Amino acid sequence: VNNDGSQKVGYTAPGIEGQTEVITRALTLADINPKTIGYVETHGTGTPLGDPVEMTALTKAYRALTEAKQFCAVGSVKSNIGHLDAAAGVASLIKTALSLYHQQIVPSLHFNEANPTIDFANSPFFVSDQLLPWPQYGAPRRAGVSSFGIGGTNAHVILEEAPIPPEPQTKASASWQLVLLSARSSPALETLTS
């Protein structure tokens, strides 16, 4: 988390440098290569100013570590439910956690064409416009989640899928089974046992 502070053009205007810094810091703290991130849940307000600034900041942060193009999907929950103001970040976090759980990248609803001021072709990103399976590519599935607030507060977090527990080892069933019973008193235990 950071704040654009005095670098902001205006109170409601987004800041490229602050967003780039918070994304870079999250990548550094996670100690991962951005090439292992398959999805970024953007703040994605759909505004002519906000989206190009956000995509420029994401591209700058990722370009510091990789030159790969169009390997990471982007989307925004706002196309599904609108802008939830102070709850927008948590809605994005929930959507992304569910995407990791279901191993699918969901489409951005109502997406027809990209903002012409965003150069997706030469960036690490592409807009998810259809339901996509989310393969692992030799590493756990990972996603970034951005949330940017009025006044210049920027937040970015990296999520990684939970490890899949190994299948339990089943043993051959014995001819007898142990059943544990528990009760608050001896009479209650006798009732339960019978």
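Per chain, residues are indexed from 1 in the order of the written sequence. With the structure being a predicted model, the display of local features is reserved for residues of pLDDT at least 70 and the display and counting of side-chain atom pairs for 80 or more, all residues being used for whole-chain, interface and lining totals. To get the side-chain values, all heavy atoms of the structure are used, and hydrogens and water are removed first.

J.: Please give an account of the overall build of the chain that cites residues and values.
T.: On a plain count of helices and strands, the chain comes out with five helices and eight strands. Helix and strand definitions follow DSSP, with helices as H or I runs of at least four residues and strands as E runs of at least two, each counted in order from the N terminus. Of the regular secondary structure in the chain, the N- to C-terminal order runs β-α-β-α-β-α-α-β-β-β-β-β-α. Radius of gyration here uses only the C-alpha atoms, and the compact-globule reference equals 2.2 Å multiplied by the residue count raised to the power 0.38. Expected size for 194 residues packed as a compact globule is a radius of gyration near 16 Å; at 23 Å, the chain overshoots this value by more than 25%. For the chain, the spread of C-alpha atoms along the three principal axes comes to 75 × 35 × 35 Å. Residue burial is assigned from relative accessible area. The probe radius is 1.4 Å, only protein chains are included, and a residue is buried under 20% of its type maximum, exposed over 50%, and partly exposed in between. Taking all 194 residues of the chain together, the buried fraction comes to 40%.

J.: Outline the side chain of Arg 142, supporting the account with residue identities and numerical values.
T.: By secondary structure assignment, the location of Arg 142 is in strand S7 (residues 142–148). Within the structure, Arg 142 has its side chain in polar contact with the side chain of Glu 160 (distance 2.6 Å). Each polar contact in these results corresponds to two N or O atoms within 3.5 Å; when the atoms are within protein, one needs to be able to donate a hydrogen and the other to accept it, and residues that are neighboring in sequence are counted only if both atoms are side-chain atoms.

J.: How would you sum up the packing of aromatic side chains? Please name residues and give values.
T.: Working definition: rings of Phe, Tyr and Trp (its six-membered ring) pair if their centres are within 6.5 Å, and the pair is stacked with planes under 30 degrees apart, edge-to-face with planes over 60 apart, and tilted otherwise. Scanning the entire structure with this criterion turns up three aromatic pairs. Through a chain of ring-to-ring contacts, the aromatic side chains of Tyr 62, Phe 71 and Phe 125 assemble into a single cluster. In our convention, an over-ring charge means Lys NZ or Arg CZ found within 6 Å of a ring centre and within 35 degrees of that ring's normal. Sitting over the face of the ring of Phe 71, Lys 35 holds its NZ or CZ atom 4.8 Å from the ring centroid.

J.: Any chance you could break down the pattern of salt bridges for me, citing the residues and the numbers?
T.: Throughout this description, the term salt bridge denotes a Lys or Arg side-chain nitrogen within 4 Å of a carboxyl oxygen of Asp or Glu. A complete count under the given rule lists six salt bridges for this structure. As a salt-bridge pair, Arg 25 and Glu 21 come within 2.6 Å of each other at their nearest N and O atoms. Of the two residues, Arg 25 and Glu 21 are both situated in helix H1 (residues 16–30); the distance of four residues between them amounts to about one turn of the helix. The exposure class assigned to Arg 25 is partly exposed, which follows from its relative accessible area of 34%. Glu 21 gets classed as partly exposed once you look at its relative accessible area, which sits at 42%. The salt bridge involving Glu 161 is made with Arg 141; its shortest N-O contact spans 2.7 Å. With Glu 161 in the loop between strand S8 (153–160) and helix H5 (186–193) and Arg 141 in the loop between strand S6 (132–133) and S7, this pair connects stretches of sequence that are 20 residues apart. We note that Glu 161, like Arg 141, is buried.

J.: Which residues make up the nonpolar core, and what are the values?
T.: Take the buried Ala, Val, Leu, Ile, Met, Phe, Trp, Tyr and Cys residues and link them wherever side-chain atoms come within 4.5 Å; each set so joined is a nonpolar core. Core analysis: the biggest nonpolar cluster contains 21 residues, and Ile 37, Val 40, Tyr 62 and Phe 125 have the highest contact counts within it. If you list the elements that add at least two residues to this core, you get H1, helix H2 (50–63), strand S3 (72–75) and strand S5 (125–127). Those residues in contact with Tyr 62, other than ones at most four positions away along the chain, are Ile 23, Leu 27, Pro 34, Ile 37, Val 40, Phe 71, Pro 124 and Phe 125. By definition in these notes, contact holds between two residues if any of their heavy atoms fall within 4.5 Å.

J.: Can you lay out unusual backbone geometry for me, pointing to particular residues and giving the numbers?
T.: Within the chain, Asp 31 stands out as a residue other than glycine whose phi angle is a positive 55°. By the element assignment, Asp 31 lies in the loop between H1 and strand S2 (39–41). The phi dihedral of Gln 70 falls on the positive side, at around 50°, and the residue is not glycine. Looking at the element boundaries, Gln 70 is found in the loop between H2 and S3. Overall, Gln 70 belongs to the partly exposed group, its relative accessible area being 38%.

Just geometry here; none of it tells us what the structure is for.
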